[in-house]
Amino acid sequence: NVGGAGVIEISVELKGEYLNKAKILESGKKLRKNWASTWVVLDTDQLLFYKDSKQEVVTNLKTGCKADGVDLCGAVIEWTTQKSSRKNVFQITTNSGSEYLLQADSYSTICKWYNAIKKTVNSLSKG
Ligand code: I3P
């Protein structure tokens, strides 16, 4: 799915999806790895994490209720085979020194997210 038309298709279709997520570093400090199925939503400049799709709706309805998210400005996205025994894993390293792993059993699913997040990071760096 390369080329202009494919890219547009991705951003339209990519609303939210369940991915496995593990936060392994916070402000440079190592955390105990704990994989959890998470409803992931790509926003204009951040990646949002919800327990499930219902929580996204509830959070958006409640004023002053902020979703748990990752600032993608200055983040680095890369595939990794070192940081997990699982297949289809990529990592997000944030500007603030936190590290997240995202994983899906389906290669096409994880690729779609990898490409979409990378595209967002690139667009943010161009200002
Ligand atoms: C971790 C758990 C993770 C595993 C991790 C283990 O053990 O089994 O699933 O990561 O491996 O330490 P525990 O539940 O006792 O904390 P992967 O599934 O990604 O391999 P790691 O220490 O090599 O990261």
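From a predicted model like this one, the values you see are computed outputs, not experimental measurements. (Residues numbered from 1 in each chain as written. Predicted model: local features only at pLDDT ≥ 70, side-chain atom pairs only at ≥ 80, totals over all residues. Heavy atoms only, no water.)

Comments concerning helix H3 (residues 107-125)
Filter applied, for reference: Strands are runs of DSSP state E lasting at least two residues, helices are runs of H or I lasting at least four, and both sets are numbered from the N terminus onward. Any helix carries an expected span of 1.5 Å times its number of residues minus one. Three exposure classes are used, based on accessible area relative to the maximum for each residue type with a 1.4 Å probe and protein chains only: buried under 20%, partly exposed in between, and exposed over 50%.
With 19 residues, H3 should reach 27 Å at 1.5 Å per residue; the first-to-last C-alpha distance of 27 Å fits that figure. When H3 is considered as a whole, its buried residues turn out to be Thr109, Ile110, Cys111, Lys112, Trp113, Tyr114, Ala116, Ile117, Thr120 and Val121.

Points about the pattern of salt bridges
Note the cut-off: Salt bridges are defined by distance alone: a side-chain nitrogen of Lys or Arg within 4 Å of a carboxyl oxygen of Asp or Glu.
A complete count under the given rule lists four salt bridges for this structure. Across the pair Glu26 and Lys23 runs a salt bridge whose closest N-O atoms are separated by 2.6 Å. For Glu26, a relative accessible area of 39% gives the class partly exposed. Glu99 is the partner of Lys83 in a salt bridge, and the nearest nitrogen-oxygen pair spans 2.7 Å. Of the two residues, Lys83 is situated in the loop between strand S6 (76-79) and strand S7 (89-93) and Glu99 in strand S8 (residues 99-103); the sequence distance between them amounts to 16 residues.

With respect to the site of the ligand
Convention followed: Any residue with a heavy atom positioned within 4 Å of a molecule or strand is treated as near that molecule or strand. Polar contact is the term for a pair of N or O atoms within 3.5 Å; when the atoms are in protein, one must be able to donate a hydrogen and the other to accept it, and sequence-neighboring residues count only if both atoms are side-chain atoms. Calculation of accessible area relied on Shrake-Rupley with a 1.4 Å probe; when residues are assessed, cover is drawn exclusively from the protein chains displayed. Only Asp, Glu, Lys and Arg are considered charged in this grouping, and only Ala, Val, Leu, Ile, Met, Phe, Trp, Tyr, Cys and Pro are considered nonpolar; every other residue, Gly among them, is considered polar.
The ligand sits among Arg32, Lys33, Trp35, Ser84, Ser85 and Arg86. Ser85 places a polar side-chain atom, nitrogen or oxygen, 2.6 Å from an oxygen atom of the ligand. Compared with its free state, where it exposes 510 Å², the ligand has 45% of that area covered by protein. Of the residues that constitute the shell around the ligand, the class distribution is one nonpolar, two polar and three charged.

Quick word on the nonpolar core
When a protein is soluble and globular, its nonpolar side chains tend to lie buried together. Operational definition: Joining through side-chain atoms within 4.5 Å is the link that ties buried Ala, Val, Leu, Ile, Met, Phe, Trp, Tyr and Cys residues into a set, and such a set is a nonpolar core. Any two residues whose heavy atoms approach within 4.5 Å at even a single point are treated as in contact.
Ranked by internal contacts, the top residues of the largest apolar core, which has 18 residues, are Leu47, Leu72, Phe90, Ile92, Leu102 and Ile117. Of all the secondary-structure elements, those providing two or more residues to this core are strand S4 (46-50), S7, S8 and H3. Of all the elements, H3 adds the most residues to this core, at five residues. When near neighbours in sequence (up to four residues on either side) are disregarded, Phe90 contacts Ile77, Glu78, Trp79, Thr80, Tyr100, Leu101, Leu102, Ile110, Trp113, Tyr114 and Ile117. Counting residues in each nonpolar core, the second largest holds five residues, with Ala22, Ile24, Trp35 and Leu101 among its members.

Some details on the confidence of the model for the chain
Filter applied, for reference: A score from 0 to 100, pLDDT tells how confident the predictor is in each residue.
Here the chain shows a mean pLDDT of 90. Residues at 70 or above account for 88%. Within the model, pLDDT remains below 50 along residues 9-13, and this stretch shows six contacts once partners closer than five positions in the same chain are excluded. On the interface metric, ipTM, the complex scores 0.90, and its pTM is 0.87.

What to know about the side chain of Ser98
The residue Ser98 is located in the loop between S7 and S8 in this model. For Ser98, a relative accessible area of 7% translates into the label buried. Of the polar contacts made by the side chain of Ser98, one reaches the backbone nitrogen of Ser27; its length is 3.4 Å.

A word on the packing of aromatic side chains
We apply this condition: Paired rings are identified among Phe, Tyr and Trp, the last through its six-membered ring, by centres lying within 6.5 Å, and are further divided according to the angle between planes into stacked (under 30 degrees), edge-to-face (over 60) and tilted (the rest). Note on geometry: a ring has a charge over it if NZ (lysine) or CZ (arginine) is within 6 Å of the ring centre and within 35 degrees of the ring normal.
Within the structure shown, the criterion is met by six aromatic pairs. Counting every residue linked through ring pairs, the aromatic cluster contains Trp79, Phe90, Tyr107 and Tyr114. Above the ring of Phe49, the side-chain terminus of Lys21 is found at 4.3 Å from the ring centroid.

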